[in-house]
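# Close look at the chain arrangement
What follows is the residue order along each chain.
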Amino acid sequence: MAETISANAKKRAASRVSATRRRGLARRHARLRKKISGTPARPRLSVKRSSRHIHVQLIDDVAGHTLAAASTLETDVRATEGDKKAKAAKVGELIADRAKAAGVEAVVFDHGGFGYHGRIAALADAAREGGLKF
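For the structure given in this document, a descriptive report is provided here.

Basis of the calculations
- Residues numbered from 1 in each chain as written.
- Predicted model: local features only at pLDDT ≥ 70, side-chain atom pairs only at ≥ 80, totals over all residues.
- Heavy atoms only, no water.
- Core = buried A, V, L, I, M, F, W, Y, C linked by side-chain atoms within 4.5 Å.
- Buried < 20%, exposed > 50% of the residue type's maximum accessible area, 1.4 Å probe, protein only.
- Helix = DSSP H or I, 4+ residues; strand = E, 2+ residues; numbered from the N terminus.
- Contact = heavy atoms within 4.5 Å.
- Pairing = 2+ DSSP bridges.
- Axes fitted to C-alpha atoms, helices over the stretch in contact; angles between N-to-C directions.
- Expected span 1.5 Å × (residues − 1).

Turning next to the nonpolar core. Counting residues in each nonpolar core, the largest one holds 23 residues, and the members touching the most others are V56, I95 and L123. Of all elements in the fold, only strand 1 (44-49), strand 2 (54-60), strand 3 (65-71), helix 3 (84-101) and helix 4 (119-129) reach the threshold of two or more residues within this core. For this core, the element with the highest residue contribution is helix 3, accounting for six residues. Apart from residues no more than four positions distant in its own chain, L123 is found in contact with V47, I54, V56, A88, V91, G92 and F109.

If you want it as structure tokens, here you go:
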């Protein structure tokens with residue numbers, strides 16, 4: 001006999017899945033952050049990915065300052081044609097340029113608990129091509 005599930009039960013189940021994914025992401029990021037930290041000589045390149053956008057920052061963890069940042073929310077990146085992976089690559093080029101302007105050549109890559117593939121890998125490859133050393 002097939003049971004019917006109410007709309008509220010579906011919403012509760014969906015919220016549990018979302019919370020489970022958030023907790024997993026937080027766990028992976030915490031595990032990663034135990035091992036890496038940004039210094040003035042080699043800041044941390046931190047990546048935050050959402051379903052639509054990607055944000056990166058160069059962070060000096062010793063001083064607690066952001067040295068440079070880039071995002072797909074910027075107008076020149078929004079004007080870029082292509083899919084989200086192409087826009088992530090554009091953000092990688094931007095952060096490499098801004099890092100050079102801030103006097104940074106080498107960084108520690110913090111992928112934020114996200115898997116190193118797709119948009120994260122495209123961003124990292126573009127940053128490497130822009131002259132950043134990981």
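Relative to the helices and strands, G131 resides in the segment after helix 4. Linking G131 and H53, residues 78 residues apart in sequence, is a C-alpha distance of 23 Å. Excluding anything up to four places from it in sequence, G131 contacts K100 and E105.

Taken in spatial order, the four strands of this open sheet run 3-2-1-4, and their pairing is mixed. Two strands bound the open sheet, and with one partner strand each, they are strand 3 and strand 4 (108-110). Across this sheet, the average inter-strand angle for adjacent strands is 20°, counted without regard to direction. Two strands pair when backbone bridges link them, and strand 1 and strand 2 are joined in this way by six bridges, in the antiparallel orientation.

This part is about helix 3. The first and last C-alpha atoms of helix 3 sit 26 Å apart over 18 residues, in line with the 26 Å expected at 1.5 Å per residue. Restricting attention to buried positions, one finds in helix 3 the residues A88, A89, V91, G92, L94, I95, A96 and A99. The elements touched by buried residues of helix 3 are strand 1, strand 2, strand 3, helix 2 (75-78) and helix 4. Among the residues trailing helix 3, G103 stands out with phi positive, at a value near 85°.

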